[in-house]
Every structure is written in structure tokens, then in C-alpha cells.
Amino acid sequence: MLKVLHVINSLGPGGAEHQLLNVVANTNPRQFEHVICQLNGLETLADDVRATGSTVINLKLKGRRPWLRGAIALHRVFREEKPDLIQTWLFDSNISTRIAQLFSIRKIPNLVATQDLFYSRDVIRYSGW
């Protein structure tokens, strides 16, 4: 069984969050174990995700760009959950995960999902596009 750790900013009502729910709801539970780790406390879809049999970890981070606090918390999650694969869903979760991976002894492949970045002025500015 492949254990996938999904890291996402929140489980709010957005498009990436719904895509994540679709992934965990429509994969074979005998082949994939999904653990969803959200950076902040918004949990609109958390019960729907749990209904798929997936685990939800809420880091409840505060602040606009919780990259370093997120990285420290994610490093602990990596050690405890021991995922085979990480999938990051949005910009903040991607940055926090990449920083955490710098300090991780065990190298875990990271699949980055980039959704709808074209409309975000913040992402364009932070990325230097």
C-alpha cells in the first residue's frame, strides 16, 4: 500500500480542496492510504475527507505566510506518518513542504499540483514571474 501525505493550505471550500477530496474519494483504498495535512484551521471539507477513510491533520497555523512554522510542523508529521509520497496542493503548502524536506533525512518524493496560479497576483509577485 502506498501512503500519500497531501499537504494543503486548508480544507476550505475552494477548487484545490475539492480536487483533493475527489482524489482521496476515488482511489482504491486497498492501494492508497491518504493522510491530509492542512496548514490552517479552516475545515469546511474535513468531515467529507474523513468520510473517505482518510486521516486529517490540522496544524492550525496562524499568519499570512506560515512557511517556517509550517516547515517545522511538517518535519514532525514526516517523521510520524512516514509517507511514501507527498503531494502539495497550493503555494504556501508547497513552500513549507520544500523547506521541511531540506531538513529531512529521509528523502520523500514530492508531487506538486499547481492549480489556477494564473489569477493570483501574489503568486506571480512571489515567484518573480
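Residues numbered from 1 in each chain as written. Predicted model: local features only at pLDDT ≥ 70, side-chain atom pairs only at ≥ 80, totals over all residues. Heavy atoms only, no water.

(A) Seen up close, the packing of aromatic side chains. By the definition in use, this model includes one aromatic pair. On the numbers, 6.1 Å between centres and 75° between planes, the contact of Trp67 with Phe91 is edge-to-face. Within this pair, whereas Trp67 is found in helix H3 (residues 67-81), its partner Phe91 is found in helix H4 (residues 91-102), the two being separated by 24 residues in sequence. We classify Trp67 as partly exposed; its relative accessible area is 22%. (Phe/Tyr/Trp six-rings, centres within 6.5 Å; stacked < 30°, edge-to-face > 60°. Helix = DSSP H or I, 4+ residues; strand = E, 2+ residues; numbered from the N terminus. Buried < 20%, exposed > 50% of the residue type's maximum accessible area, 1.4 Å probe, protein only.)

(B) Focus on the pattern of salt bridges. Tallied over the full model, the rule gives four salt bridges. Residue Lys3 pairs with Glu81 through a salt bridge whose shortest N-O separation is 2.9 Å. Pair noted here: Lys3 is in strand S1 (residues 2-8) and Glu81 is in helix H3, with a separation of 78 residues, a long-range link. Summarising the burial analysis for this pair, Lys3 and Glu81 share the class buried. Its salt-bridge partner being Glu43, residue Arg50 comes within 3.6 Å of it at the nearest N-O pair. Taking the relative accessible area as the measure of exposure, Arg50 reaches 37% and is therefore partly exposed. Looking at Glu43, the relative accessible area reads 34%, which means it is partly exposed. Through salt bridges with shared partners, one network takes in Glu43, Asp47 and Arg50. (Salt bridge = Lys/Arg side-chain N within 4 Å of Asp/Glu carboxyl O.)

In short, shape yes, function no, at least from these values alone.
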